[in-house]
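# Residue-level structure breakdown
Here are the chains, one letter per residue:
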Amino acid sequence: MSAATNTAQQNPITRTIAADMEAVNGVIRQRLQSDVALVNQIAEYIISAGGKRIRPVLVLLLANAYGYKGAGHHELAAVVEFIHTATLLHDDVVDESSMRRGRQTANAMFGNAASVLVGDYLYSRAFEMMTSLDEMRVMEILSRATTVIAEGEVLQLLNMHDPDVTQESYLTVIRSKTAKLFEAAAQLGALVAGANDAQIEAAGEYGRSLGTAFQLIDDVLDYAGDASEIGKNVGDDLREGKPTLPLIYVMENGSAEQRELIRTCIEQGDETHFDAVLSAVTTSGALDYTRREAEAAAQRAADAIADLPESEYKQSLLQLCSFAVDRNH
């Protein structure tokens, strides 16, 4: 039994799809093969780092929840994971990140140029796999998703070091950059199982809201998490000058002194005052507010699949909603 299968069986959320996850890992490794050694090396480094694999899980759970019998969902889940991995490679270069999932980022290990180019390779491989499925609706969903994700990346770049970003503007970035691929993954799972348009839309709402909840909790953990548990450096968002929701809340609701502190730190990407910022986001209620917004998003996700037939797969989807807001990594 492989480590991936064993892990899936130990996780109560993915236990029901352990065999599917093993099949997806097989597709990933098969499709990663390249004649260029560095492509194989970096791709293997990223994929072997693991992670929660939430997006492939969504494809598999939704497909099974709608009674799918076949293997097409394995290919789709791998495509989604390739797109996600490509965005991580590019994100870490843009953000100048040095740690992800408890290890050095690929750009820290291999350099920015190699990371960007291998990210491009993964995007290209994903679209090659997509076209081989010969399903126009699949290509429509994924091509639209990659466009929106790219727009979200640019929007986030424009927001960097801007202390006057509004909540609505920030939520637009989340919906584009993070939640869109969750949405696409859930839609693909329903689509491959032959769900109707209303069911595919409901699955999309589930994924979109779940992805929003995940990102908002990530925002909380960047201030209240433990680096050894979350697998990245606490305070990275502050160092990068990212106005995430906790900081935006302080800018809109904190004291004059707190607002001035946050403004300066966002503008300068100043992490030397992390303790003072942590105090501000805690005492102002910003972390509690962000957590409540995440809980509301998770509830919207649960509500979206209320009409889904009862099954162990539906229960796993509902457990994901709870995990999204209760996790510490």
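Residues numbered from 1 in each chain as written. Predicted model: local features only at pLDDT ≥ 70, side-chain atom pairs only at ≥ 80, totals over all residues. Heavy atoms only, no water.

Named according to an unreviewed UniProt entry, the chain is Octaprenyl diphosphate synthase originating from Massilia norwichensis. Under the UniProt heading Cofactor (unreviewed entry), the note attached to the chain is "Mg(2+)". (UniProt positions renumbered as here; feature names shortened; annotations may be inferred.)

On to the overall build of the chain, then. Per the secondary structure count, the chain includes 17 helices and two strands. Seen through its C-alpha atoms, the chain measures out along the principal axes to roughly 60 × 50 × 35 Å. At a minimum sequence separation of 6, the contacts of the chain that also span at least 24 residues come to 74%. Within the structure as shown, the chain displays about 13800 Å² of accessible surface, and the carbon and sulfur contribution to it stands at 50%. Positive and negative side-chain charges in the chain, numbering 27 and 47 respectively, have mean positions lying 4 Å apart. (Helix = DSSP H or I, 4+ residues; strand = E, 2+ residues; numbered from the N terminus. Contact = heavy atoms within 4.5 Å. Areas by Shrake-Rupley, 256 points an atom, 1.4 Å probe, with all protein chains shown as cover. Lys, Arg positive; Asp, Glu negative; His and termini not counted. Charge placed at Lys NZ, Arg CZ, Asp CG, Glu CD.)

Take the side chain of K242 next. Along the chain, K242 falls in the loop between α12 (236–239) and α13 (245–253). Given the relative accessible area of 10%, K242 is considered buried. For K242, the side chain forms a polar contact with the side chain of E240, separated by 3.1 Å. (Buried < 20%, exposed > 50% of the residue type's maximum accessible area, 1.4 Å probe, protein only. Polar contact = N/O pair within 3.5 Å; in protein donor to acceptor, adjacent residues only side chain to side chain.)

Bringing helix α2 (residues 18–31) into the picture now. Counted at 1.5 Å a residue, the expected span for α2 with its 14 residues is 20 Å, and the 20 Å between its end C-alpha atoms agrees. Along α2, the residues classified as buried are A18, D20, M21, V24, N25, V27 and I28. (Expected span 1.5 Å × (residues − 1).)

Packing of helix α16 (residues 286–304) against helix α17 (residues 312–326) leaves a shortest axis separation of 9 Å and a crossing angle of 175°. Relative to α17, the element α16 lies roughly antiparallel. For the pair α16 and α17, the contacting residues are R291, A294, E295, A298, A301 and A302 in the first and L318, C321 and V325 in the second. (Axes fitted to C-alpha atoms, helices over the stretch in contact; angles between N-to-C directions. Parallel < 35°, antiparallel > 145°, perpendicular 65-115°, else oblique.)

Take α16 next. Between its terminal C-alpha atoms α16 stretches 27 Å, which fits the 27 Å expected from 19 residues at 1.5 Å a residue. Listed in full, the buried residues belonging to α16 are A286, L287, Y289, T290, A294, A297, A298, A301, A302 and A304.

Time to look at the environment of P243. Among the secondary structure elements, P243 is positioned in the loop between α12 and α13. Taking the C-alpha atoms as reference points, P243 and T166, separated by 77 residues in sequence, lie 9.1 Å from one another. Every residue in contact with P243, bar those within four places of it in the chain, is listed here: N159, M160, D162, V165, Y170, I248 and I266.

Throughout the structure, instances matching the rule amount to 15 salt bridges. Linking K314 and E310 is a salt bridge whose minimum nitrogen-to-oxygen distance equals 2.9 Å. Exposure remark for E310: the relative accessible area of 59% places this residue in the exposed category. One connected set of salt bridges, linked through shared partners, spans K180, E183, E201, E205 and R208. (Salt bridge = Lys/Arg side-chain N within 4 Å of Asp/Glu carboxyl O.)

Here we come to unusual backbone geometry. Backbone geometry at H161 places phi at a positive 65°, although glycine is not the residue there. Structurally, the position occupied by H161 is in the loop between α8 (136–159) and α9 (167–192). Of the residues examined, H161 reaches a relative accessible area of 37% and is grouped as partly exposed.

Quick look at the confidence of the model for the chain now. Scored by pLDDT, the chain comes out at a mean of 88, with 91% of its residues at no less than 70. Residue range residues 1–9 is modelled with pLDDT below 50. Its contacts to residues more than four positions away, or to other chains, number 13 contacts. The model gives residues 227–232 a pLDDT under 50, and that stretch makes 15 contacts with residues more than four places away or in other chains. (pLDDT = per-residue confidence, 0-100.)

To continue, consider the packing of helix α4 (residues 54–65) against α9. The N-to-C vectors of α4 and α9 enclose an angle of 25°; their axes lie 7 Å apart at closest approach. By the angle between their axes, α4 is roughly parallel relative to α9. Between α4 and α9 lies a crossing of right-handed hand. Residues I54, R55, L58, V59, L62 and A63 of α4 form the contact with α9, whose participating residues are L181, F182, A185, A186, G189, A190 and V192. Tallied by class, the residues present in the contact of α4 with α9 amount to 11 nonpolar, one polar and one charged. (Left-handed = near helix turned anticlockwise from the far one by under 90°. Nonpolar A, V, L, I, M, F, W, Y, C, P; charged D, E, K, R; others polar.)

This next bit is on the side chain of Q167. Assignment of secondary structure puts Q167 in helix α9. Within the structure, the side chain of Q167 is placed 2.8 Å from the side chain of Y289, a separation counted as a polar contact. With residues near it in sequence (within four places) discarded, Q167 still touches L245, I248, E252 and Y289.

Okay, a nonpolar patch on the surface next. On the surface, a cluster of nonpolar side chains totalling about 270 Å² of accessible area is made up of V154, L155 and L158. Examined against the element boundaries, L155 turns out to sit in helix α8. Of the residues examined, L155 reaches a relative accessible area of 32% and is grouped as partly exposed. (Patch = residues over 30% accessible without salt bridge, like charges linked within 9 Å, V, L, I, M, F, W, Y side chains within 5 Å.)

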